[in-house]
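Remarks on the overall topology
Okay, here's what each chain looks like letter by letter:
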Amino acid sequence: MKVPYCRVYCDGHELEYVRRVLESGWLTTAHVCFEFEQKMADFIGCRYSCAVNSATAALHLAAEALEIGENDLVFVPSMTFAASAEIIVHLQARPVFLDTEYRTNLITPEILEEGIRKNPNAKALILVHYGGQSARIDEIQEICRAHHIKLIEDAAHAFPSKYQDRYIGSFGDATCFSFYANKTITTAEGGMLCTNSENIYKRAKIMRLHGINRDVWDRYTGNASKWEYDVVAAGYKYNMTDIHAAIGLAQLERAEEMRQQRQFCAEFYYRELADSVEIDLPVCYVPHEDHSWHIFQIVLNDQCPLKRSDVLQQLSDADIGFSIHYKPLHQMTFYKEKYHLNPEDFPNAEKTWQRTISLPIYARMTSDELEYVCKTLKKILKSGYSKVR
Ligand SMILES: *Cc1c(COP(=O)(O)O)cnc(C)c1O
């Protein structure tokens with residue numbers, strides 16, 4: 001058997017909707033994109049959404065709209081993907097890296113408060129809802145309010161995820177979703193900025209298309225007197241095409257179904273790996289239904305007789321895909337050198353990344369595939385004992 005780390009299924013209305021766009025004679029940002037934005041906002045229960053070509057673009061637009069600029073301090077976890085932090089650098093602001101909680105990889109209110117004690121002037125927080133599980137957003141929001149810290153949520157892993165019966169996407173100043181190919185729903189490449197703030201929405205919409213104060217679609221379909229447009233800022237080229245939005249519409253229809261299928265995978269792993277004393281399983285503190293289960297990440301603990309490299313090699317030999325989340329940003333050359341980062345300041349991220357393995361998880365993963373992964377992993381771990389002896 002061969003089990004990939006992830007696999008995308010486009011067997012809903014994807015082809016039909018894409019075909020419609022291709023046959024319509026208009027391919028880029030227009031009414032399909034607006035429909036996708038509207039449906040996302042309705043689904044989440046937020047006021048505004050702005051579709052873009054990546055979550056990275058959404059993060060950049062959110063931070064720009066919140067006027068993050070030169071020398072501003074912005075909290076960001078070290079245990080995340082590069083995109084969460086690079087946009088801070090692009091705005092000439094300064095990332096302040098925080099450690100995360102062991103086994104959830106989340107920023108906790110305690111970690112944030114400690115960060116504020118050391119950096120009382122911080123202006124913003126990029127909060128990652130790691131793996132698809134919401135951070136303790138209510139407490140974190142309160143702390144941010146008290147200290148005038150803008151809250152940008154990196155929800156690249158977290159659609160659809162909930163916190164106390166509300167979807168992620170309507171809490172902070174702005175929330176950024178990813179529709180990259182391996183995320184929980186995809187448009188191949190794409191992202192969405194969700195917000196309840198009219199100001200952030202308006203600014204993001206202008207900046208996503210060259211700082212032009214009107215949509216291109218508007219210009220081409222309006223009557224002749226509407227040819228004119230103005231450029232009010234040096235914007236970016238971040239718009240989402242209707243082709244991508246068409247895929248998104250079809251994926252959105254199946255978002256909850258696919259989330260449930262991922263939950264099935266996670267529950268299978270929890271059940272089958274519960275007795276494996278050599279691994280620490282991820283901690284899920286929200287109801288399973290509120291988690292989007294983007295990543296299922298185990299950590300080999302002190303009782304594990306094998307090195308991670310040995311386990312990875314044997315998984316590969318058994319044709320089982322895996323991923324590593326993440327080599328933390330404080331270990332990446334650019335950030336380490338530019339900001340003089342010390343691994344000792346990130347004990348949980350350190351403890352995690354050297355021994356972590358992300359197991360295959362995707363909608364439609366079958367019981368046979370899950371069983372194969374669990375059996376193989378347990379066999380590998382057991383083989384370690386005889387090797388040591
Ligand atoms: C994937 C990811 C991003 C970036 O998403 P893109 O759509 O590829 O730009 C940002 N943050 C996190 C945590 C991610 O995993």
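This is a predicted model, so every value here is computed, not measured. (Residues numbered from 1 in each chain as written. Predicted model: local features only at pLDDT ≥ 70, side-chain atom pairs only at ≥ 80, totals over all residues. Heavy atoms only, no water.)

A word on the sheet that holds strand E2 (residues 73-77)
On the basis of which strands lie adjacent, the open sheet formed by 7 strands has the order E1-E9-E8-E5-E4-E2-E3 and mixed pairing. Because the sheet does not close on itself, it has two edges, and the strands there are strand E1 (48-52) and strand E3 (94-98). Going from strand to strand, the sheet's axes swing by 20° on average, the running direction of each strand aside. By the bridge criterion, 5 bridges tie E2 to E3 in an arrangement that is parallel. Residue pairing across strands places Leu73 opposite Arg94, the latter belonging to E3. Together, E1, strand E8 (174-178) and strand E9 (191-195) form the strand contacts of helix H2 (residues 31-44), whose direction differs from that of E1 by roughly 135°. On the sheet, helix H6 (residues 137-146) packs against strand E4 (124-128) and strand E5 (150-154) and is oriented at approximately 150° with respect to E5. (Pairing = 2+ DSSP bridges. Helix = DSSP H or I, 4+ residues; strand = E, 2+ residues; numbered from the N terminus. Axes fitted to C-alpha atoms, helices over the stretch in contact; angles between N-to-C directions. Contact = heavy atoms within 4.5 Å.)

A few points about the pairing of E1
Of all the 5 residues making up E1, 4 are buried; the element is thus mostly covered by neighbouring parts of the structure. Where E1 lies against E9, 5 bridges are found, and the strand directions are antiparallel. Directly across from Tyr48, in E9, lies its bridge partner Thr195. (Buried < 20%, exposed > 50% of the residue type's maximum accessible area, 1.4 Å probe, protein only.)

Some details on the site of the ligand
Around the ligand, 15 residues are found, and the nearest of them are Thr56, Asp154, His157, Ser178 and Lys183. A distance of 2.8 Å separates an oxygen atom of the ligand from a polar side-chain atom of His157. Within the side chain of Lys183, an N or O atom sits 3.3 Å from an oxygen atom of the ligand. The fraction of the free accessible surface of the ligand (380 Å²) that becomes covered by protein chains is 93%. The set of elements that each furnish at least two residues to the shell around the ligand consists of helix H3 (55-65) and helix H4 (83-90). (Near = heavy atom within 4 Å. Polar contact = N/O pair within 3.5 Å; in protein donor to acceptor, adjacent residues only side chain to side chain. Areas by Shrake-Rupley, 256 points an atom, 1.4 Å probe, with all protein chains shown as cover.)

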